[in-house]
Amino acid sequence: MVSPNPSLFFTLLLLSVAVASSSSSQPNATSIGQGYRLISVEEAPDGGLIGLLQVNKKTKIYGPDIPLLRFYAKHETDNRLRVQITDATKPRWEVPYNLLPREKPPPLTQSIGRKSIKNPITVSEYSGSELLLSYTSNPFTFAVKRKSNGETLFDTNSLFSSLVFKDQYLEISTKLPKAASLYGLGENTQPHGIKLYPSDPYTLYTTDISAINLNADLYGSHPVYMDLRNNGGSASAHAVLLLNSNGMDVFYKGTSLTYKVIGGVFDFYFFSGPSPLNVVDQYTSFIGRPAPMPYWAFGFHQCRWGYHNLSVVEDVVENYKKAQIPLDVIWNDDDHMDGHKDFTLNPVNYPRPKLLNFLDRIHKIGMKYIVIIDPGIAVNSSYGVYQRGLANDVFIKYEGEPFLAQVWPGAVNFPDFLNPKTVSWWGDEVRRFHELVPVDGLWIDMNEASNFCSGKCKIPKGKICPSGTGPGWICCLDCKNITKTRWDDPPYKINASGTQVPIGYKTIATSAVHYNGVLEYDAHSLYGFSQSIATHKALQGLQGKRPFILSRSTYVGSGKYAAHWTGDNQGTWENLRYSISTMLNFGIFGVPMVGSDICGFYPQPTEELCNRWIEVGAFYPFSRDHANYYSPRQELYQWESVAQSARNALGIRYKLLPYLYTLSYEAHVSGTPIARPLFFSFPTYTECYGLSTQFLLGSSLMISPVLEQGKTQVKALFPPGSWYSLLDWTSTISSKNGVYVTLDAPLHVVNVHLYQNAILPMQRGGMLSKEARTTPFTLVVAFPAGATQGEAKGNLYLDEDEQPEMQLGNGYSTYVDFQATVKQGAVKVWSEVQEGKFALDKGFTIEAISVLGLDGSGVISEVEIDGKPLMSVTNATVSTSQHVHLDGENNGESKIIMVGLTGLNIPVGRNFAMTWKMG
């Protein structure tokens, strides 16, 4: 988008005039701060709006107020407005522009003069294409409105809270309509579902505490929310991002939302929508589009902490094959390492010659291998990685020395990924390791950063640390708490870990120093993000392949570089339910490649739970079974009943791989989540606003799993329209207004339904994605049930999936639009192909087309393809079947027709058109 022309959109409306004086009306003061007044305003050099704010009355709670602030606003695109408030006299910490590229505001030296004007503007407006910013001068407040309907999206004019801006405490509030539905503000485990719940705590500060902790700050920090509203059947969505990496509490009360932040600046971005899909498109356009994923990443993954030696890993792969359960990727936690040290191999349990032989065998059939890397680098004089790190001065410092912490190998130092030298050193270590072991991706864990100790530590004398016995996560360094600076003990205590622990607790000391003097206090929540960027850069430089990175800690923009799993969950029914909300939130955050540990990380799940979990996990965008060292084995073949459910659910997944991969392409080009809440496709249907027990893949495929113990039925919500069961296309549910239907769901069955107006590309499936993607395609065309007139659309993206870029025009990709219409008995199905050469060279063909929901007698005639009688060009078979269609609202039944065309041999890479008439 091009920034709007300021001459068209910039207006300062002098609606009323007041003389600034000490007797001016004041807000209802809080005890913390009494707000600011606007003392001057003018157009900025870049076409934005720039003004000065002066504090009304200083207070001492949480420190002195910053007396003079700069207010800056700009319509950066037609649908994005930025509002920044910072110190007018000196720079403050902001998210580094090289980590998250974006426009820079004018330098502080270009701020307008401080002199008050005699006739201050008391009500003003600054208009863009879609959004309107208004503000008042004393007390200074601002509001953002949608121009099309005048709806107020954000309004800081609050009776209970003033603008507060101190060095280590910032506060601002917005009013909200009671009917607004909010989503986002993560990462946390939300017991009430995806919709934000009034009075639940929302603290953002990257922390290594288990995902079983409810309403607590977890591994990622995403200070963004989506607001969905429905006024008289008209729905609109927008998003608000506070781009700030400091720790914060966000208090949502239902009719208001208050930010309390311990540093940085207020840097708000407003995205106008108005649909949920528009919002994520605009948001990811700003923060970075989701990373392209290799095709194999959508296969099934198996991992465990505790694969003690290579023979165990080999047995796992063999047992999956024997059980006929698909498996694409085998993983190692740190069992492959020598003494838990990064970039090493255990010479006894994972001898390199045997490991290379194993990798050669699995690579030949298309399987992949991924290992873990933690950021902590073992302090060890004989460890080359550490020695090279010291030589390059890559570690975070405390009092001039590398900050000492403890993780799995014992004493460690943490690389400083804000330092360009560290990025280069890290890339070199990745290269060296890849030459040692040709891994296919990297798993970066513990990068919040996690530390088993707190404070200033030193290596103890006279004892081994760690001892080699016990769980390994008990601090054994000699440590002293650090409370001597205001960075270690800030005046305002965020609700860290859900219990207001010190912000340096079991992480890097917040008074530690990064490159160029940056404080850990400010940069803490960026650690995993900066490591993802460095790791992505490192992998991009290897063999010219598309990187795959899985990161536990994430921040705004992480999805551009990495996938995410939701961390250490429990093998409980509650955690199975929570996994859906967390997955859906990450789609909103711009990290669509996401999933939870299937069957739970610990403790051992019950057999029934693992059955049901694979029926959900088979439809996570990232589908991986992972378990704890101390838990019994839980690979999907360990129980025969689970193996059966896995064959069924993963069998569906592998047939859907072309659809999932196409969704990944759409995510990469427009940010659209792969897994979505139902309101993304049905934004006016308020019944689904809080629904967290079902989800969509793409716009049209709905998953309705069993999430409760002992249940063999599931009550599922079906939004208005027609839905066709993926297990039995003749099973159809329709309604005009939406309906709940109780579905049968015996132990090995998960209900998946396809919505009307869609065309779904599928393949035959297989045990590996490499073999599954070579099989012929089937197109499933879904019309509204019984409609005499209708249309359906779908698409398909194919490419050489390990090419670095995921795009058209490089000679290694094909994109196909599929369309279908029915009108007065005439049916047409056709394709429009872009860049067809790749698909033609690969020999991809369509072998079958099924058309659902037709009206008629069941007799069809004049079947043609590309204007010629079908039977003259192929040995195809045409069949029709009549089946009962259920009206879910009125319990009525009617009959509709399904037409099946099999034995086709239509090249995917070439346009085709098929027509026939219904009797």
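Residues numbered from 1 in each chain as written. Predicted model: local features only at pLDDT ≥ 70, side-chain atom pairs only at ≥ 80, totals over all residues. Heavy atoms only, no water.

**Thoughts on the packing of aromatic side chains**
For the coordinates displayed, the defined rule picks out 61 aromatic pairs. Ring centres 5.8 Å apart and planes at 15 degrees place the aromatic pair Phe-266 and Phe-268 in the stacked group. When sorted by exposure, Phe-266 lands in the same class as Phe-268, which is buried. One aromatic cluster is present, formed by Phe-71, Tyr-135, Phe-140, Phe-142, Phe-154, Phe-165, Tyr-259, Phe-266, Phe-268 and Phe-270 through successive ring pairs. Cation over ring: Arg-102 sits above Tyr-97, and NZ or CZ is 3.7 Å from the ring centre. Note that Lys-828 overlies the ring of Trp-830, its terminal NZ or CZ placed 4.7 Å from the centroid. (Phe/Tyr/Trp six-rings, centres within 6.5 Å; stacked < 30°, edge-to-face > 60°. Buried < 20%, exposed > 50% of the residue type's maximum accessible area, 1.4 Å probe, protein only. Lys NZ or Arg CZ within 6 Å of the ring centre and 35° of its normal.)

**Digging into the domain arrangement of the protein chain**
Each assigned domain of the protein chain is listed with its residue range as follows: domain 1 (35-287), domain 2 (295-663) and domain 3 (677-917). The C-alpha-based centres of domain 2 and domain 3 are spaced at 37 Å. Contact with domain 2, which involves 44 residues of that partner, is made by 54 residues of domain 3. Counting each side, the surface lost to burial between domain 2 and domain 3 is near 4300 Å², with a carbon and sulfur contribution of 63%. Considering only the side of domain 2, the residues that lose the most area to domain 3 are Arg-546, Arg-612 and Tyr-659, jointly responsible for 17% of the buried surface there. For the interface between domain 2 and domain 3, the tally reads three salt bridges. With its nearest N and O atoms 3.8 Å apart, the salt bridge here joins Glu-802 to Lys-545. Connecting domain 2 to domain 3 are 25 residue pairs in polar contact (both at pLDDT 80 or more). Looking at which element gives the most residues to the side of domain 2 that touches domain 3, the answer is helix H9 (residues 573-588), with eight residues. (Domains from an automatic or database assignment. Contact = heavy atoms within 4.5 Å. Buried area = accessible area lost by both parts, 1.4 Å probe. Salt bridge = Lys/Arg side-chain N within 4 Å of Asp/Glu carboxyl O. Polar contact = N/O pair within 3.5 Å; in protein donor to acceptor, adjacent residues only side chain to side chain. Helix = DSSP H or I, 4+ residues; strand = E, 2+ residues; numbered from the N terminus.)

**Side note on the pattern of salt bridges**
For side chains of opposite charge, pairing can occur when their charged atoms come near one another. Per the counting criterion, the structure on display carries 38 salt bridges. Here Lys-397 makes a salt bridge to Asp-393, at a shortest N to O gap of 2.8 Å. What you see here is one network of salt bridges that share partners, running through Glu-76, Arg-80, Arg-82 and Asp-267.

**Notes on the state of the cysteines**
One pass over the structure, following the stated rule, counts four disulfides. For Cys-457, the disulfide goes to Cys-479, at an S-S distance of 2.1 Å. Looking along the S-S bond of the Cys-457-Cys-479 disulfide, the torsion reads about 110 degrees, which is the right-handed sense. Taken together, the residues span a long stretch of sequence, with Cys-457 in strand S27 (residues 456-458) and Cys-479 in strand S28 (residues 478-480) at a distance of 22 residues. The class of Cys-457 is buried, set by a relative accessible area of 11%. Taking the relative accessible area as the measure of exposure, Cys-479 reaches 30% and is therefore partly exposed. The disulfide that involves Cys-465 links it to Cys-476, with 1.9 Å between the sulfurs. (Disulfide = S-S within 2.5 Å.)

**Here's the deal with helix H6 (residues 420-436)**
The first and last C-alpha atoms of H6 sit 25 Å apart over 17 residues, in line with the 24 Å expected at 1.5 Å per residue. Among the residues of H6, Thr-422, Val-423, Trp-425, Trp-426, Glu-429, Val-430, Phe-433 and His-434 are the ones counted as buried. Residues of H6 that are buried sit in contact with strand S20 (368-373), strand S21 (377-378), helix H5 (384-391), strand S26 (441-444) and helix H8 (527-540). Two or three places before Lys-421, at the start of H6, stands the capping residue Asn-419, its side-chain oxygen 2.9 Å from that residue's backbone nitrogen. (Expected span 1.5 Å × (residues − 1).)

**Observations concerning the environment of Ile-444**
In this structure, Ile-444 sits in strand S26. When its relative accessible area of 0% is taken as the criterion, Ile-444 is described as buried. In sequence terms Ile-444 and Ala-562 are 118 residues apart; their C-alpha atoms lie 9.6 Å from each other. Ignoring anything within four residues of it in the chain, the contact list for Ile-444 reads Ile-373, Gln-531, Ser-532, Thr-535, Ile-549, Leu-550, Ser-551, Arg-552 and Trp-565.

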